[in-house]
Amino acid sequence: VAGFSFWWSPSHFWQKTYSYVIPDVPHHTVYSDSRRQDDTKSPKLFYSAPPAAISSILGFWDISGEVIQNLPNKSSSVLSLYDLVDYFSKIPGFEVEIKKIGVSELRDYFNEKNPTPLLFQAPLSYESVTVPSMSVAIGMDEGKRTLIAHNFWLGDSYEFNVEDLVKNKYFDQDEKGIFLV
(Lines give C-alpha, C1' and ligand atoms only; values in the text may rest on other atoms or scores of the structure.)
Protein backbone atom coordinates (compact mmCIF):
# COMPACT_ATOMS: atom_id res chain seq x y z
CA VAL A 1 0.00 0.00 0.00
CA ALA A 2 2.84 2.43 0.80
CA GLY A 3 4.38 1.91 -2.63
CA PHE A 4 1.01 2.43 -4.29
CA SER A 5 0.36 5.70 -2.45
CA PHE A 6 3.85 6.97 -3.32
CA TRP A 7 3.37 6.22 -7.01
CA TRP A 8 0.12 8.09 -7.15
CA SER A 9 1.10 10.94 -4.85
CA PRO A 10 0.17 14.28 -6.44
CA SER A 11 3.71 15.65 -6.30
CA HIS A 12 5.06 12.64 -8.18
CA PHE A 13 2.25 12.54 -10.70
CA TRP A 14 2.41 16.23 -11.64
CA GLN A 15 6.17 16.71 -11.51
CA LYS A 16 7.52 17.48 -14.99
CA THR A 17 11.09 17.88 -16.09
CA TYR A 18 12.33 19.93 -19.01
CA SER A 19 13.96 18.29 -22.00
CA TYR A 20 14.80 19.85 -25.36
CA VAL A 21 17.37 19.33 -28.12
CA ILE A 22 17.89 21.97 -30.82
CA PRO A 23 17.29 20.28 -34.19
CA ASP A 24 19.55 20.62 -37.23
CA VAL A 25 22.76 21.68 -35.51
CA PRO A 26 25.54 20.28 -37.75
CA HIS A 27 28.05 17.91 -36.17
CA HIS A 28 31.61 17.64 -37.49
CA THR A 29 34.37 15.15 -36.76
CA VAL A 30 37.79 14.49 -38.19
CA TYR A 31 36.07 12.03 -40.52
CA SER A 32 33.39 14.32 -41.92
CA ASP A 33 33.56 16.20 -45.17
CA SER A 34 32.00 19.34 -43.77
CA ARG A 35 31.66 21.34 -46.96
CA ARG A 36 28.37 22.08 -48.63
CA GLN A 37 28.29 21.40 -52.35
CA ASP A 38 28.70 25.11 -53.22
CA ASP A 39 31.27 25.87 -50.51
CA THR A 40 34.91 25.78 -51.57
CA LYS A 41 36.23 28.02 -48.78
CA SER A 42 35.55 25.83 -45.75
CA PRO A 43 38.12 23.31 -44.63
CA LYS A 44 37.39 19.85 -45.99
CA LEU A 45 38.43 18.09 -42.79
CA PHE A 46 38.75 19.22 -39.18
CA TYR A 47 41.81 18.25 -37.19
CA SER A 48 40.74 19.45 -33.74
CA ALA A 49 37.65 20.16 -31.70
CA PRO A 50 37.55 24.02 -31.72
CA PRO A 51 37.26 24.51 -35.52
CA ALA A 52 34.72 21.68 -35.72
CA ALA A 53 32.65 23.19 -32.88
CA ILE A 54 32.83 26.69 -34.37
CA SER A 55 31.80 25.31 -37.75
CA SER A 56 28.78 23.61 -36.14
CA ILE A 57 27.62 26.89 -34.63
CA LEU A 58 28.22 28.86 -37.84
CA GLY A 59 26.53 26.14 -39.88
CA PHE A 60 23.46 26.33 -37.65
CA TRP A 61 23.26 30.08 -38.35
CA ASP A 62 24.13 29.45 -42.05
CA ILE A 63 27.29 31.57 -41.98
CA SER A 64 30.15 30.96 -44.44
CA GLY A 65 33.12 28.87 -43.42
CA GLU A 66 35.46 31.72 -44.41
CA VAL A 67 35.43 32.82 -40.77
CA ILE A 68 37.04 29.51 -39.76
CA GLN A 69 39.86 29.95 -42.27
CA ASN A 70 41.01 33.06 -40.40
CA LEU A 71 41.08 31.69 -36.85
CA PRO A 72 43.88 33.04 -34.63
CA ASN A 73 47.41 31.80 -35.32
CA LYS A 74 47.34 29.74 -32.16
CA SER A 75 47.23 25.98 -32.51
CA SER A 76 43.55 25.37 -33.13
CA SER A 77 43.48 22.55 -30.57
CA VAL A 78 44.27 24.95 -27.70
CA LEU A 79 41.89 27.79 -28.55
CA SER A 80 39.95 28.84 -25.48
CA LEU A 81 36.50 30.40 -25.25
CA TYR A 82 38.26 33.67 -24.34
CA ASP A 83 40.36 33.51 -27.54
CA LEU A 84 37.12 33.15 -29.51
CA VAL A 85 35.49 36.16 -27.82
CA ASP A 86 38.51 38.24 -28.79
CA TYR A 87 38.48 36.90 -32.35
CA PHE A 88 34.76 37.26 -33.04
CA SER A 89 34.51 40.70 -31.42
CA LYS A 90 36.69 42.01 -34.27
CA ILE A 91 34.36 40.70 -37.00
CA PRO A 92 31.45 42.98 -37.93
CA GLY A 93 28.04 41.46 -37.24
CA PHE A 94 29.12 39.10 -34.45
CA GLU A 95 28.04 39.58 -30.87
CA VAL A 96 29.58 37.03 -28.54
CA GLU A 97 30.12 36.92 -24.82
CA ILE A 98 31.11 34.51 -22.11
CA LYS A 99 28.42 33.80 -19.56
CA LYS A 100 28.25 31.72 -16.43
CA ILE A 101 24.97 29.85 -16.88
CA GLY A 102 23.26 27.51 -14.44
CA VAL A 103 21.70 24.25 -15.54
CA SER A 104 18.17 25.53 -14.91
CA GLU A 105 18.91 28.70 -16.94
CA LEU A 106 19.82 26.68 -20.04
CA ARG A 107 16.11 26.58 -20.89
CA ASP A 108 16.57 30.15 -22.15
CA TYR A 109 18.85 28.80 -24.90
CA PHE A 110 17.42 25.33 -25.55
CA ASN A 111 13.85 25.96 -26.69
CA GLU A 112 11.75 26.20 -29.86
CA LYS A 113 11.23 29.95 -29.70
CA ASN A 114 14.87 31.03 -29.48
CA PRO A 115 17.17 28.03 -30.10
CA THR A 116 20.79 28.96 -29.40
CA PRO A 117 23.60 26.39 -29.45
CA LEU A 118 26.41 27.24 -27.03
CA LEU A 119 30.14 26.50 -26.94
CA PHE A 120 31.67 25.11 -23.76
CA GLN A 121 34.65 23.09 -22.58
CA ALA A 122 33.76 19.51 -21.69
CA PRO A 123 35.89 16.82 -20.10
CA LEU A 124 37.49 14.29 -22.40
CA SER A 125 38.91 11.44 -20.34
CA TYR A 126 41.42 8.83 -21.38
CA GLU A 127 42.71 6.44 -18.76
CA SER A 128 43.60 8.69 -15.79
CA VAL A 129 43.89 11.96 -17.74
CA THR A 130 41.05 14.43 -18.27
CA VAL A 131 41.53 17.28 -20.75
CA PRO A 132 39.13 19.96 -22.01
CA SER A 133 37.45 19.47 -25.36
CA MET A 134 35.42 22.24 -26.98
CA SER A 135 31.84 21.08 -27.46
CA VAL A 136 28.56 22.45 -28.82
CA ALA A 137 25.76 22.33 -26.25
CA ILE A 138 22.51 21.66 -28.13
CA GLY A 139 20.10 20.55 -25.42
CA MET A 140 19.38 19.30 -21.96
CA ASP A 141 17.39 16.69 -20.10
CA GLU A 142 16.59 17.75 -16.53
CA GLY A 143 15.12 14.35 -15.66
CA LYS A 144 18.33 12.53 -16.58
CA ARG A 145 20.45 15.50 -15.39
CA THR A 146 22.37 15.68 -18.65
CA LEU A 147 23.68 18.34 -20.99
CA ILE A 148 23.45 17.16 -24.60
CA ALA A 149 26.26 18.23 -26.92
CA HIS A 150 28.08 17.53 -30.16
CA ASN A 151 31.69 16.68 -29.45
CA PHE A 152 34.45 16.19 -32.01
CA TRP A 153 35.77 13.08 -30.23
CA LEU A 154 32.75 11.70 -28.38
CA GLY A 155 30.16 12.04 -31.11
CA ASP A 156 26.78 13.44 -32.03
CA SER A 157 24.33 14.27 -29.21
CA TYR A 158 26.65 13.00 -26.48
CA GLU A 159 25.14 13.22 -22.99
CA PHE A 160 27.34 14.83 -20.34
CA ASN A 161 26.19 14.07 -16.81
CA VAL A 162 25.89 17.27 -14.74
CA GLU A 163 27.42 15.59 -11.66
CA ASP A 164 30.47 14.59 -13.74
CA LEU A 165 30.83 18.16 -15.03
CA VAL A 166 30.84 19.39 -11.42
CA LYS A 167 33.20 16.62 -10.24
CA ASN A 168 35.69 17.44 -13.02
CA LYS A 169 35.38 21.18 -12.23
CA TYR A 170 33.85 22.17 -15.57
CA PHE A 171 30.80 23.39 -13.63
CA ASP A 172 30.97 24.91 -10.16
CA GLN A 173 29.23 23.52 -7.07
CA ASP A 174 26.13 25.59 -7.93
CA GLU A 175 25.98 23.71 -11.27
CA LYS A 176 26.96 26.75 -13.31
CA GLY A 177 29.22 26.43 -16.32
CA ILE A 178 31.10 28.84 -18.56
CA PHE A 179 29.57 29.13 -22.05
CA LEU A 180 30.26 31.17 -25.14
CA VAL A 181 26.96 32.72 -26.28
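Not measured: the values here are computed from a predicted model.

## With respect to the nonpolar core
General note: in soluble globular proteins, nonpolar side chains tend to be found buried as a group. Counting 38 residues, the largest nonpolar core has F110, L119, L147 and F179 as the members making the most contacts within it. Counting only elements with at least two residues in this core, the list comes to α3 (49–60), α5 (81–89), β3 (118–126), β4 (129–141), β5 (146–151), α6 (162–167) and β7 (176–180). Ignoring any residue separated from it by four or fewer positions in sequence, one finds F110 in contact with Y18, Y20, I22, T116, L118, A137, I138, G139, M140 and L147.

## So, α5
Residues L81, D83, L84, Y87 and F88 constitute the buried set of α5. Axial view of α5: buried residues confined to an arc of 150°, hence all on one face. Capping the start of α5, S80 holds a side-chain oxygen 3.2 Å from the backbone nitrogen of Y82, two or three residues further along.

## Quick notes on the environment of V21
Along the chain, the position of V21 falls in strand β1 (residues 19–21). In this structure V21 comes out as partly exposed when scored by relative accessible area, which is 36%. As for V21 and I138, which are separated by 117 residues in sequence, their C-alpha atoms are 5.6 Å apart.

## With respect to the pattern of salt bridges
Throughout the structure, instances matching the rule amount to seven salt bridges. The partner of E163 in a salt bridge is R145, with the nearest N and O atoms 2.7 Å apart. Of this pair, E163 sits in helix α6 while R145 sits in the loop between β4 and β5, and the two are 18 residues apart along the sequence. Overall, the relative accessible area of 28% leaves R145 in the partly exposed class. Salt bridges sharing common partners tie together R145, E163 and E175.

## Points about unusual backbone geometry
Residues other than glycine seldom take positive phi values, yet D24 does so here, at roughly 65°. Tracing the backbone through its elements, the reader meets D24 in the loop between β1 and α3. By relative accessible area, D24 is classed as exposed at 71%. Residues other than glycine seldom take positive phi values, yet E175 does so here, at roughly 60°. Mapped onto the secondary structure, E175 falls in the loop between α6 and β7.

## Notes on empty space enclosed by the protein
Tallied over the entire structure, the rule returns two cavities of 30 Å³ or more. Its boundaries defined by the atoms lining it, the largest cavity holds a volume of some 50 Å³. H27, H28, A49, A52, A53, S56, M134, S135, V136, H150, N151 and F152 are the residues that line the largest cavity. Secondary-structure elements contributing two or more residues to the lining of the largest cavity are α3, β4 and β5. Of the residues forming the lining of the largest cavity, the biggest block, four residues, is contributed by α3. For the lining of the largest cavity, a count of residues per class yields six nonpolar, six polar and no charged. In this structure, the second largest cavity spans a volume of roughly 40 Å³. Taken together, V103, L106, M140, D141, E142, R145, T146, L147, V162 and F171 form the lining of the second largest cavity.

Definitions and cut-offs
Residues numbered from 1 in each chain as written. Predicted model: local features only at pLDDT ≥ 70, side-chain atom pairs only at ≥ 80, totals over all residues. Heavy atoms only, no water. Core = buried A, V, L, I, M, F, W, Y, C linked by side-chain atoms within 4.5 Å. Buried < 20%, exposed > 50% of the residue type's maximum accessible area, 1.4 Å probe, protein only. Helix = DSSP H or I, 4+ residues; strand = E, 2+ residues; numbered from the N terminus. Contact = heavy atoms within 4.5 Å. Arc of directions from axis to C-beta. Polar contact = N/O pair within 3.5 Å; in protein donor to acceptor, adjacent residues only side chain to side chain. Salt bridge = Lys/Arg side-chain N within 4 Å of Asp/Glu carboxyl O. 1 Å grid on protein atoms, 1.4 Å probe; cavity = no way out; pocket = protein on both sides within 12 Å on 5 of 7 lines; lining within 4 Å. Points joined across faces, edges and corners; volume = space filled by probe spheres on them. Nonpolar A, V, L, I, M, F, W, Y, C, P; charged D, E, K, R; others polar.

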